[in-house]
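Here is what each chain is made of, one letter per residue.
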Amino acid sequence: MSKFFITTAIDYPNGLPHIGHAYEKVLADVIARYRRLCGDEVFFLTGVDQHGQKMQQTADREGVNVATLAQRNTRKFLALWEKLGVHYDGWAATTDQNHKRCVQKILTTLHQEGQLYKKAYRGFYSVRQEQYLTEKDRNEKGDFGEEWGEVIELEEENWYFKLSEHADWLKEAVSSGDFGIFPEFRRAEVLNAIDRAGETDLCISRPRERLHWGIEFPFDPDFVTYVWFDALINYVSFAGYRKEEGSDLPEFGNLWPANTQIIGKDILVPAHSIYWPCMLHAMGLGDQEMPALLVHGWWNIRKASGNSDEGSDTEEKMSKSLGNVVDPGELADRFGVDAVRYYLVRDIVTGKDSAFDVARLITLFNSELANDLGNLLNRSLNMTKRFLGGELVSNNYDDEPCAGVRESLSSATTAYLAAMDEHDLPGALKAINGHVVHCNQFIEKNPPFELRKDETQGERVAAILSHLCESCAHLAVLLSPFLPAAATKILGQLRAGDIAPRTLDSLHWGLLPSGHQIGKAKPVFPRIVLEDGQ
Ligand code: MSP
């Protein structure tokens, strides 16, 4: 058994959670549940990034106290994860006292070790990105592009972290693979960025008079900690790094390094691939103690092309200002949690972007879950009840079609495992569906309702139904990281909840023994039917 520490980005609770946030958390939840199924000891950490200028600005605009806003919106994230069945082991909210203390301890040590210095600086500052811009951030026209939002000229004293001292080390760690980055194509992007960003030091404070909503500098109370420096530390503070005596946080040595830090592509450079490893290196963590990143793409919004002659669709980013944000809670209320979880990880290649499309959500659910799997479950259980009185017989029948079912399941399981180990979640779901389709075809070609009319075929009918029920049990186990509630229902109807293996290494043909009594079929995936006008 190995340990597996999975983290996600922590979300800004300055608004409501959208499907981008939900995708990342469901992705992490599926990976965490899968690793548990592999027998690993898993710790899954997620949370909210509650400090910073964005939060303060939103609170000012809405005329509420910033702490109240953070708490109020944090509850909406918590409620959504509960609704979507996202089960984490640690909740990283950056206003937590343990986290604050940890950030302050790290600042103090870095200060004592000469990694920080104070200087005055005059330059252009992006309010949206909360960072100073350099000449290299100008576009071809010589302007700071729209992506930076409002840019103001600012002169102020601040604290700096000697990031540039770690740039050569970082380049080596990224090239050698000590610092893991998946998908591999992102590595080149990071190496390019180190050349640019590694030349300058990182401003890690904000004067309190401009930003009060942050963690106070322990040795200079006129300053608060830059939100990214604060937020990145969540990955270690909530894992028990330099925890107080008697604290119930985990043992850091047992958890670190994180095997999979799941983040979106927008926060790879510079935060997670430059600031973060350099911070860890400055804190004295070794080359073998670097985390591995899993960088996912973006859910965008499909928009009809303005030019109807083109007839093509284009995609745009989801944003509050465009008013095109998709609310995952509302989707779950309308279509069910299974449909939302399934769609979010089924219709996007991990690492690439995809366009959100509610029609696809419905189609995927209705075809792969309601029609294919739902149908297989219903038919298998109902026929077993009617033709065998619900009692299974041997599932090692030697005729060719039955052997074909066993082979199909075996190759689907192999493909599923290979895909999951590569974070290819759509590939794993396609492997599952491949076996479902095989089983449905097997029923068409060997229809028990016809065969049973011939008395000599009794043994064969019983074997066919046992193969189908056994397949359903395996499919439920394989599907459980994706659709845990549905998997439990399926196993319940098969009366296999207690005998289903907890780990994949004991998932062998023959889960449901001869004489096993199954339960009654109840629809697990009722078709989504839209009323007119919806
Ligand atoms: N607070 C920072 C992260 C700090 S981690 C130490 C942040 N927050 S965020 O709320 O803006 O984004 C949280 C996560 O959601 C990021 O990984 C981001 O990439 C992801 N997504 C935000 N919008 C997204 C989509 N439209 N699609 C997929 N994921 C996206 O950045």
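Residues numbered from 1 in each chain as written. Predicted model: local features only at pLDDT ≥ 70, side-chain atom pairs only at ≥ 80, totals over all residues. Heavy atoms only, no water.

(A) Broad picture of the sheet that holds strand β8 (residues 202-203). The strand order across the open sheet built from four strands is β5-β4-β6-β8, with neighbouring strands paired in antiparallel fashion. Sheet topology places β5 (131-133) and β8 at the edges, where each strand pairs with a single neighbour. Bridge analysis of strand β6 (residues 151-161) against β8 gives two bridges, and the strand direction is antiparallel. By the bridge assignment, F161 is partnered in β8 with L202. (Pairing = 2+ DSSP bridges. Helix = DSSP H or I, 4+ residues; strand = E, 2+ residues; numbered from the N terminus.)

(B) Main features of the nonpolar core. In terms of nonpolar packing, the biggest core is built from 97 residues, with I6, L84, L344, Y416, F482, L494 and F525 touching the most fellow members. The biggest single contributor to this core is helix α17 (residues 458-479), with 13 residues. Beyond its immediate chain neighbours, meaning those up to four positions away, L344 contacts I19, A22, Y23, V26 and W299. Of all hydrophobic cores here, the second largest spans 64 residues; its members include I106, V174, I181 and L202. (Core = buried A, V, L, I, M, F, W, Y, C linked by side-chain atoms within 4.5 Å. Buried < 20%, exposed > 50% of the residue type's maximum accessible area, 1.4 Å probe, protein only. Contact = heavy atoms within 4.5 Å.)

(C) The arrangement of the sheet that holds strand β7 (residues 180-182) in detail. The six strands are arranged β3-β2-β1-β11-β12-β7 in an open sheet whose pairing can be described as parallel. Taken across any chain shown, the strands that pair with only one partner, and hence form the sheet edges, are β3 (90-93) and β7. Looking at each pair of strands side by side, their axes are set apart by 20° on average, direction ignored. (Axes fitted to C-alpha atoms, helices over the stretch in contact; angles between N-to-C directions.)

(D) Spatial organisation of helix α11 (residues 328-335). Residues P328, G329, L331, A332 and F335 constitute the buried set of α11. Projected down its long axis, α11 shows its buried positions confined to an angular sector of 160°, all on one face. Set apart from the buried face of α11 by more than 90 degrees, the exposed residues are E330 and D333. On its buried face, α11 sits against α1 (19-37), α3 (66-83), α12 (337-346), β15 (354-356) and α13 (358-388). (Arc of directions from axis to C-beta.)

(E) Representation of the packing of helix α2 (residues 53-62) against α3 in the model. Direction vectors running N to C along α2 and α3 enclose 100°, while the axes themselves pass 9 Å from each other. Taken together, the axes of α2 and α3 are roughly perpendicular relative to one another. Counted together, M55, Q56, T58, A59 and E62 of α2 and V66, L69, A70 and R72 of α3 form the full contact between these two elements. Class assignment for the residues of the contact of α2 with α3 results in five nonpolar, two polar and two charged. (Parallel < 35°, antiparallel > 145°, perpendicular 65-115°, else oblique. Nonpolar A, V, L, I, M, F, W, Y, C, P; charged D, E, K, R; others polar.)

(F) Quick peek at the pattern of salt bridges. For the structure on display, the rule yields 30 salt bridges. In this structure, the salt-bridge partner of E62 is R72, at a minimum N-O distance of 3.4 Å. Linking E62 in helix α2 with R72 in helix α3, this pair joins segments that are ten residues apart in sequence. Residue class for E62 comes out partly exposed when judged on its relative accessible area of 45%. The exposure class of R72 is partly exposed, given its relative accessible area of 32%. A salt bridge links D398 to R406; the nearest nitrogen and oxygen atoms lie 3.8 Å apart. Among the residues examined, D398 registers a relative accessible area of 69% and is labelled exposed. Look at the salt bridges and you will find they share partners, linking D11, E24 and K25 into a network. (Salt bridge = Lys/Arg side-chain N within 4 Å of Asp/Glu carboxyl O.)

(G) Main features of the packing of aromatic side chains. Overall, the coordinates contain 22 aromatic pairs when judged by the stated rule. Each ring, one from F161 and one from F229, has its centre 6.4 Å from the other, and the planes form 65°; the classification is edge-to-face. Separated by 68 residues along the polypeptide, F161 in strand β6 and F229 in helix α7 (residues 227-232) bring together distant segments of the chain. Both residues of the pair, F161 and F229, count as buried. An aromatic cluster is defined as three or more aromatic residues linked by ring pairs; in this entry it consists of F5, F43, Y235, Y241, F252, W256 and W276. Positioned over the ring face of Y125 is R210, at 4.6 Å from the centre of the ring. The ring of W298 has K317 lying over it, and the distance from NZ or CZ to the ring centre is 5.1 Å. (Phe/Tyr/Trp six-rings, centres within 6.5 Å; stacked < 30°, edge-to-face > 60°. Lys NZ or Arg CZ within 6 Å of the ring centre and 35° of its normal.)

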